[in-house]
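Chains, contacts and geometry: an overview
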Amino acid sequence: MHSLINKNLVCLDLKSDNKQDLLNEMAELLAANQCVSNKDAYLKDVWAREELGSTGFEDGIAIPHAKSAAVIKPAFAVGIHRTGIDYGADDGELSNVFFMLASPDGGDNHHIEVLAQISSKIIEDGFLDSLRSATTREQIIELLVGSDVAEQATPAATSTPSNAANFAAEEKPSAWKATLSRMKQHLLFGTSHMIPFIVAGGVLLSLSVMISGKGAVPETGVLKDIATMGIAGLTIFTAVLGGYIAYSIADKPGLAPGMIGSWIAVQQYNTGFLGAIVVGFLAGFIVLQLKRIKFPDSMASLGSIFIYPLIGTFLTCSIVMWVIGEPIAGMMAAMNHWLASMAGSGKVMLGAILGGMTAFDMGGPINKVATLFAQTQVDSQPWLMGGVGIAICVPPLGMALATFLSPKRYKRDEREAGKAAAIMGMIGITEGAIPFAAADPIRVIPAIVAGGMVGNIVGFMMNVINHAPWGGWIVLPVVDGKIGYIVGTIAGAVTTAIIVNLLKKPVTEDEDDYEVNAAPVESISEEGVAQVLAITACPSGVAHTFLAAKSLEKAAAKMGVKIKVETQGANGIVNRITPKDIANAEFIIFAHDVAIKDPQRFTGMNIVDTHTKHAMNAPEELIQSKLSSSPTKVATIK
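Per an unreviewed UniProt entry, the protein chain goes by the name protein-N(pi)-phosphohistidine--D-fructose phosphotransferase and belongs to Vibrio algicola. Recorded under Catalytic activity (unreviewed entry), the UniProt text for the protein chain is reproduced unchanged: "D-fructose(out) + N(pros)-phospho-L-histidyl-[protein] = D-fructose 1-phosphate(in) + L-histidyl-[protein]".

Structure below.
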């Protein structure tokens, strides 16, 4: 934080008597210190942020901020107003302490990191009183920067104070890794909205064909109507995929350009799902650039509902029609030709690759690549899902079988997890094997990868066709070659069970440890009582979302910490975090693989940003990372 402020960015006696003048006065500090190249342009971005919701908080604090192209270097200014002004704070009180943050546009969540550090200062006992009573600018700087030294000397923080304070910095990836991570989140956001369409469409179409008994799409009666429903889902899913990728990048203005552009790419140029992905990113990028254009206040409301969608759609579709449509169509045709050639002798190699990828990270990004590859071609290459559907369910079924065959090699809670894994495997949720992989990755992951490869190869070689873009035995009604599907599942599960049991040794379990682990975990739903908040979200909104939530809740219970977890899953937002929760909690954990909904709620809060898998594998580390930076509150936890 010391590199972001100097005494010239501190004002001990702000003179403005209204919000507009105050923001101008604070921005002048940044401009005078050559932190922003154009004060007016920066202020426009600050006001755009204010339109999303006031940055005035309780206790007289206000934190106006913006990411802006006008920012030359990241910085923040501090101002004290001796009487206070009406800033529009949530509690209706006057605001008298102001932090104005300037962050370069395109910076990797730099403003969030600074907000987190400032927030950690604000919650320190006596900090605000000392700030308001400061008589020199040097005292302000000392309070903000110098107090880090005193904090390290606090006994309650001796575990890892510097690590906790610098958690975000240590975990911060390089620029290209951060870009790839964001792209993956955008892709998975689109995929999560696409999956219900291909599931509903594929199953309805398959059921109509199966019930007709003719092996073709019904042409009359109710079955034709059901088939029409299914075809509709399989027709529009690519538009949904492209549209929601663009939505993830550019918010609602990107939705129309992404959907319409993807529709044209797929329907007119036969680009398939690859075209929808490319167009989704293209539309999102175009609209994001259009949103940089600032309109007069009188026209601001027209931007998101008229100007951005209109111009964005025209530009996206123009590029699709006149530039990239034909090349992508050629790529798609080449891929389909390659797949057709693999339908013979190449099935073993392809089956091994797809099966291993599907099992490897159990619902993670590698799994998603393999399953998405098969799911998006369920209408043209359903034999791919014949093998992948088996590989999806092999990891949890294999681990369930392993705990049954050799219970002495597993702790009591693992044996209980084996029962749940059996159910999850049957309904096609690969993540049922995650508790085992998290506890013993060296032995479990090779075993489930081998099982996934065996199951997938058996499915391919026995010519199994799965008309549903899902896995597990729940899809058996729409599978052609049911015996092969069952044999492949059993072969994969047995392979996994044998390998993992050969690698594992018998375990001894401390009954005291079991009592702790078996203690019931309460999901906090009350307002304002949680010390730690968390949000979990994954692409499907099913497995990782709730497994991460349960891991965090279980770890918090073991540590004696009250945690409230909001899940953003297939059923929407459950156990929603309220303003009262935010006001009373120390920090929040974002454990997500897709974009968090309504993140502006947590502006100014201490944030730990990570993936669901990290929350499942190391929940105590995440919870402890920021608790140790707030020793006063940690001391009250029993």
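Alright, that's what it looks like, and here's the rest.
Before going further, it helps to examine the overall build of the protein chain. Looking only at helices and strands, one finds 25 helices and 12 strands in the protein chain. Counting the 638 residues in the protein chain, one finds 51% classified as buried. The long-range share in the protein chain, meaning contacts at least 24 apart out of those at least 6 apart in sequence, stands at 72%. Of the roughly 28,000 Å² of accessible surface on the protein chain, a fraction of 61% belongs to carbon and sulfur atoms.

With that settled, consider the packing of aromatic side chains. In this structure the tally under the stated criterion is 7 aromatic pairs. Ring centres 5.8 Å apart and planes at 10 degrees place the aromatic pair F189 and Y247 in the stacked group. Of this pair, F189 sits in helix α8 (residues 175-212) while Y247 sits in helix α9 (residues 221-250), placing them 58 residues apart in sequence. Here Y244 and Y247 contribute two aromatic rings whose centre-to-centre distance is 5.6 Å and whose plane-to-plane angle is 55 degrees, an arrangement assigned as tilted. Pair noted here: Y244 and Y247 are both in helix α9, with a separation of 3 residues, about one helical turn.

With that settled, the discussion passes to the pairing of strand β4 (residues 75-85). Taken residue by residue, a regular strand's side chains alternate between the two faces of the sheet. Most of β4 is tucked away, with 9 of its 11 residues classed as buried. Pairing geometry for strand β1 (residues 10-11) and β4, over 2 bridges, is parallel. Residue V10 lies in a different strand from β4, and its bridge partner there is V78.

Attention now moves to helix α10 (residues 255-269). Compared with the 21 Å implied by 1.5 Å per residue over 15 residues, the 21 Å span of α10 between its first and last C-alpha is a close match. Restricting attention to buried positions, one finds in α10 the residues P257, G258, G261, S262, I264, A265, V266 and Y269.

It is worth spelling out the pattern of salt bridges at this point. Applying the stated criterion to the full structure yields 11 salt bridges. Ionic pairing is found between K7 and E138, a salt bridge with its closest N-O pair at 3.7 Å. Here E138 lies in helix α5 (residues 137-152) and K7 lies in the segment before β1, a separation of 131 residues in the sequence. For K39, the salt bridge is made with E28, and the minimal N-O distance between the two is 3.1 Å. In this pair, K39 is assigned in helix α2 (residues 39-52) and E28 in helix α1 (residues 19-32), connecting sequence segments 11 residues apart.

When the UniProt feature table is mapped to this numbering, "transmembrane region" (unreviewed entry) covers residues 187-211, 231-250, 271-290, 302-325, 337-360, 380-405, 444-462 and 483-503. Counting secondary structure, residues 231-250 comes out at 100% helix and 0% strand; the distance between its end C-alpha atoms is 29 Å. Strand forms 0% of residues 271-290 and helix 95%; the C-alpha atoms that close the span are 26 Å apart.

If pLDDT is low for a region, its predicted coordinates should not be looked at in detail. Taken residue by residue, the protein chain gives an average pLDDT of 81. The fraction at 70 or more is 84%. The model gives residues 147-172 a pLDDT under 50, and that stretch makes 29 contacts with residues more than four places away or in other chains. Note that residues 511-520 has pLDDT below 50 and, in this model, 6 contacts with residues that lie over four places away or in other chains.

Right, let's talk about unusual backbone geometry for a bit. One non-glycine residue, Q34, adopts positive backbone phi at about 55 degrees. Mapping Q34 onto the fold places it in the loop between α1 and α2. Residue classification places Q34 among the exposed positions, given a relative accessible area of 60%. The backbone of N270 sits at a positive phi, close to 55 degrees, despite the residue not being glycine. Examined against the element boundaries, N270 turns out to sit in the loop between α10 and α11 (272-290).

Spatially, the 5 strands line up as an open sheet ordered β10-β9-β8-β11-β12, and their pairing is mixed. Both edges of this open sheet fall to β10 (572-574) and β12 (606-610), since each of them pairs with a single strand only. This sheet shows a mean twist of 15 degrees between the axes of neighbouring strands, independent of strand direction. Pairing geometry for strand β11 (residues 587-592) and β12, over 5 bridges, is parallel. Bridging across to β12, I588 finds its partner in I607.

Moving on, we come to a negative patch on the surface. Together, E58, D59, D90, D91 and E93 make up a negatively charged patch on the protein surface. Along the polypeptide, D91 turns up in the loop between β4 and β5 (95-104).

It is worth spelling out the packing of helix α18 (residues 441-461) against helix α19 (residues 482-503) at this point. Contact geometry of α18 with α19 gives a least axis separation of 8 Å together with a crossing angle of 160 degrees. The angle between the axes of α18 and α19 places the two elements in the roughly antiparallel class. Crossing geometry of α18 relative to α19 is assigned as right-handed. Contacts between α18 and α19 involve R443, V444, A447, I448, A450, G451, V454, G455 and V458 from the first element and G484, V487, G488, A491, G492, T495, T496, I499, V500 and L503 from the second. Residues belonging to the contact of α18 with α19 are distributed by class as follows: 11 nonpolar, 7 polar and 1 charged.

Thresholds, definitions, all that
- Residues numbered from 1 in each chain as written.
- Predicted model: local features only at pLDDT ≥ 70, side-chain atom pairs only at ≥ 80, totals over all residues.
- Heavy atoms only, no water.
- UniProt positions renumbered as here; feature names shortened; annotations may be inferred.
- Helix = DSSP H or I, 4+ residues; strand = E, 2+ residues; numbered from the N terminus.
- Buried < 20%, exposed > 50% of the residue type's maximum accessible area, 1.4 Å probe, protein only.
- Contact = heavy atoms within 4.5 Å.
- Areas by Shrake-Rupley, 256 points an atom, 1.4 Å probe, with all protein chains shown as cover.
- Phe/Tyr/Trp six-rings, centres within 6.5 Å; stacked < 30°, edge-to-face > 60°.
- Pairing = 2+ DSSP bridges.
- Expected span 1.5 Å × (residues − 1).
- Salt bridge = Lys/Arg side-chain N within 4 Å of Asp/Glu carboxyl O.
- pLDDT = per-residue confidence, 0-100.
- Axes fitted to C-alpha atoms, helices over the stretch in contact; angles between N-to-C directions.
- Patch = residues over 30% accessible without salt bridge, like charges linked within 9 Å, V, L, I, M, F, W, Y side chains within 5 Å.
- Lys, Arg positive; Asp, Glu negative; His and termini not counted.
- Charge placed at Lys NZ, Arg CZ, Asp CG, Glu CD.
- Parallel < 35°, antiparallel > 145°, perpendicular 65-115°, else oblique.
- Left-handed = near helix turned anticlockwise from the far one by under 90°.
- Nonpolar A, V, L, I, M, F, W, Y, C, P; charged D, E, K, R; others polar.

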